[in-house]
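# Geometric and topological summary
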Amino acid sequence: MGAQAYAWTDGRSAAGDRHDVPWLATVQSVLDLLPGTSGYLVPEVDETGRMIDLIWAAASPAAVTPGGPHGAQLIGLAMSRHQPEVIAGDRGRTCQRVLDTGEPADLGPVRIGQADFTVRAGRLGPGLLITWQRREVTGPQAGAERLAEVERTLAAEHDLASRLQQIILPIPAEPIDLPGLRVAVRYLPAGQEAMIGGDWFHAAALRDGSVLLAVGDVAGHGTQAATTMAQLRHALRALSVVTSDPAVLLEHLNRLIWELEADDPELAATAVIARFDPRRHQLVWAQAGHPPPLLSRAGRTAPLSRPAGPMLGVVDGARYADAVIGLTPGDVLLLYTDGLVEHRQRGPDVGLDTVIAAVDDAVRSAPEQPLAEMLARLRRANPDDDTCILAARPLGRPRAPGMIKG
């Protein structure tokens, strides 16, 4: 097998027509707004997976190279064509290290025309976001201009991350109605500088009339965690065509994580998956090292008893168990990631008590529309961790009060 371009999660070459890949078109739209020189390049790799070239996949209008091509003229060009010394020298090895580790690095000064530029590379998805910053004469005015340039670049990167999140993990602005179930979702990023991370959700109707719900969490945040998150989410959607058993789905996702760990040995993830049958008013759910869902019933909220199941990627060939509960009109189900309850300075029990109190207050305050009220009240306990919250309630007239079972 010869050289090939690095592929994104949909299996297409990121170096191809940028309009064929929605998120890559978004990268280009953001680079179009950058005031300076920047570009997005994807690696061409050999049969061992090592980089042998870099291909321009997106570029800002001001992007220019020593060889002359600039802006859109660079799209599709190989770095070896106009700057072969980059690929063969120390800069090429630095680029490979950035791709391997995800840690940004300086590529050193570059002379273009009559100006010197500082070049910096950072990993974004499967490729490299490279920025060139003009090296100005020192002085108070130059310092102010550089600060303004950095602020504009950071703002553009934040905008890029936000747009990528909407492509990889679109969050519905309003509650959505599925067969027999109303679902609302909220996503709280760890910080403005890391708008995409490893937390994800899934909510979709299945062909048999049931509804599949899921919430998951990949360790870490940033583009690497988002890449794994997208792979898990898309895999779950594909696998649900074959089976809707939550425990079996987790077994398949565990195998996927083990495959991905060949490239990232530190990879780990948790998830909870549930299938709601609106005809039987029944919820079947399973978990992989994930916080248990909360069930609000008759004015009382409590966590469900967790069935067995280790984290994804910890035990090869791990088995997962299903649990079954009734879910009827009047009940409210809350799936969430651990950022909602775990704080670095407080135990998870303190955070869980706070969440339970907020859910109880929301249901009492707005019994007819508890989802919006609940999401408005909930806040993440850990500002350093992403948080994804999925709240669901069966549609129809509430039944008589009862006890939580299971």
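Everything numeric in this text was worked out from a predicted model, so none of it was measured. Along each chain, numbering runs from 1 in the same order as the chain's sequence is written. Predicted model: local features are reported for residues with pLDDT of at least 70 only, side-chain atom pairs are reported and counted for 80 or more only, and whole-chain, interface and lining totals are derived from all residues. As a rule here, side-chain values cover all heavy atoms of the structure and leave hydrogens and water aside.

## Observations concerning the overall build of the protein chain
Regarding its fold elements, the protein chain presents nine helices and 17 strands. In the protein chain, once contacts between residues fewer than 6 apart in sequence are set aside, the share between residues at least 24 apart is 62%. Shrake-Rupley sampling with a 1.4 Å probe provides the accessible areas, and residues are treated as covered by the protein chains on show and by no other component. As presented, the protein chain carries roughly 18,600 Å² of accessible surface, and 51% of it is formed by carbon and sulfur atoms. Runs of E in the DSSP output that reach at least two residues are strands. Runs of H or I that reach at least four are helices, and both are numbered from the N terminus. Contacts: residue pairs with any heavy atoms within 4.5 Å of one another.

## Comments concerning a nonpolar patch on the surface
Like charges are joined within 9 Å and nonpolar side chains (Val, Leu, Ile, Met, Phe, Trp, Tyr) within 5 Å, but only among residues with over 30% relative accessible area and no salt bridge; these make up the patches. Every case where a carboxyl oxygen of Asp or Glu lies within 4 Å of a side-chain nitrogen of Lys or Arg is listed as a salt bridge. A surface patch of nonpolar side chains, about 230 Å² in accessible area, is lined by Met311, Val314 and Val315. With respect to the helices and strands, valine 314 occurs in the loop between strand 14 (300–303) and strand 15 (323–326).

## Describing the side chain of serine 38
Mapped onto the elements of the fold, serine 38 is located in strand 2 (residues 37–45). Buried, partly exposed and exposed residues are distinguished by accessible area as a fraction of the type maximum, computed with a 1.4 Å probe on protein chains only: under 20%, between the cut-offs, and over 50%, respectively. What makes serine 38 buried here is its relative accessible area of 2%.

## Side note on the pairing of strand 14
The pairing of strand 13 (residues 294–297) with strand 14 spans four bridges and is antiparallel. Bridged to arginine 297 within strand 14 is arginine 300. Strands pair, by our definition, only if DSSP identifies at least two bridges between them. Where strand 13 folds back onto strand 14 in an antiparallel hairpin, the turn is made up of two residues, including alanine 298, whose phi is positive at roughly 55°.

## Some details on the sheet that holds strand 13
Pairing within the open sheet is antiparallel, and its six strands lie in the order 7-8-17-16-13-14. At either margin of the open sheet sits one strand with a lone partner, and together these are strand 7 (176–178) and strand 14. Neighbour-to-neighbour, the strand axes of the sheet open up by a mean angle of 20°, direction not taken into account. Direction of pairing for strand 13 relative to strand 16 (residues 332–336): antiparallel, over a ladder of three bridges. What sits directly across from leucine 294, in strand 16, is leucine 334. For helices, the fitted axis covers only the stretch in contact; all axes are lines through C-alpha atoms, and the angles between them, taken along N-to-C directions, range from 0 to 180 degrees.

## Let's talk about helix 7 (residues 246–260)
Every helix has an expected span of 1.5 Å times one less than the residues it contains. Its 15 residues place the ends of helix 7 21 Å apart at the C-alpha level, agreeing with the 21 Å of an ideal helix rising 1.5 Å per residue. Here helix 7 has its buried residues at Pro246, Ala247, Leu249, Leu250, Glu251, Leu253, Asn254, Ile257 and Leu260. Each polar contact in these results corresponds to two N or O atoms within 3.5 Å; when the atoms are within protein, one needs to be able to donate a hydrogen and the other to accept it, and residues that are neighboring in sequence are counted only if both atoms are side-chain atoms. With a side-chain oxygen lying 2.9 Å from the backbone nitrogen of alanine 247, the N-terminal cap of helix 7 falls on aspartate 245.

## Considering the packing of aromatic side chains
Any two rings among Phe, Tyr and Trp, with Trp reduced to its six-membered ring, count as a pair given centres within 6.5 Å; such a pair is stacked if its planes are under 30 degrees apart, edge-to-face if over 60, and tilted if neither. Tallied over the full model, the rule gives zero aromatic pairs. Stacked on the ring of phenylalanine 201, the Lys or Arg arginine 233 has its end atom at 5.1 Å from the ring centre. Should the NZ of a Lys or the CZ of an Arg lie within 6 Å of a ring centre and within 35 degrees of the ring normal, that charge is described as sitting over the ring.

## Thoughts on the nonpolar core
Membership of the largest hydrophobic core comes to 54 residues, with the highest contact counts inside it found for Val183, Leu213, Leu312 and Leu390. If you tally residues by element for this core, the top one is helix 6 (residues 223–239), at seven residues. Every residue in contact with leucine 390, bar those within four places of it in the chain, is listed here: Val183, Ala184, Val185, Phe201, His202, Ala203, Leu213, Ala214, Val215, Leu333, Leu334 and Leu335. For our purposes a nonpolar core is just a set of buried Ala, Val, Leu, Ile, Met, Phe, Trp, Tyr and Cys residues, chained together by side-chain atoms within 4.5 Å. Core analysis: the second largest hydrophobic core is formed by 23 residues, Ile87, Phe117, Leu128 and Trp132 among them.

## So, the pairing of strand 15
Here strand 15 shows a clear split, with Ala323 and Ile325 buried on one side and none of Val324 and Gly326 buried on the other. Alignment of strand 12 (residues 282–288) against strand 15, held across four bridges, turns out to be antiparallel. Opposite glutamine 282, over in strand 15, you have glycine 326 as the bridge partner.

## Some thoughts on the environment of valine 211
Among the secondary structure elements, valine 211 is positioned in strand 10 (residues 211–221). It is 8.0 Å that separates the C-alpha atoms of valine 211 and leucine 181, two residues lying 30 residues apart in sequence. Those residues within four positions of valine 211 in sequence are excluded, and the remaining contacts are Leu178, Pro179, Leu181, Ala204, Ala205, Ala274, Arg275 and Phe276.

## Some remarks on helix 4 (residues 90–101)
Relative to the 16 Å expected for twelve residues at 1.5 Å per residue, helix 4 spans 16 Å between its end C-alpha atoms, a close match to the ideal helical length. Those residues of helix 4 not exposed but buried are Gly92, Thr94, Cys95, Gln96, Val98 and Leu99. Just past helix 4, the residue glycine 102 takes up positive phi, approximately 80°.

## Section: the confidence of the model for the protein chain
In this model, the protein chain carries a mean pLDDT of 79, and residues with pLDDT of at least 70 account for 74%. Predicted confidence is poor over residues 1–20, with pLDDT under 50, and the contacts of this stretch with residues over four places away or in other chains come to 46 contacts. Per-residue pLDDT stays below 50 along residues 400–406; that stretch engages in 15 contacts with residues further than four places along the chain or on separate chains. The quantity known as pLDDT measures the predictor's confidence residue by residue, on a range of 0 to 100.

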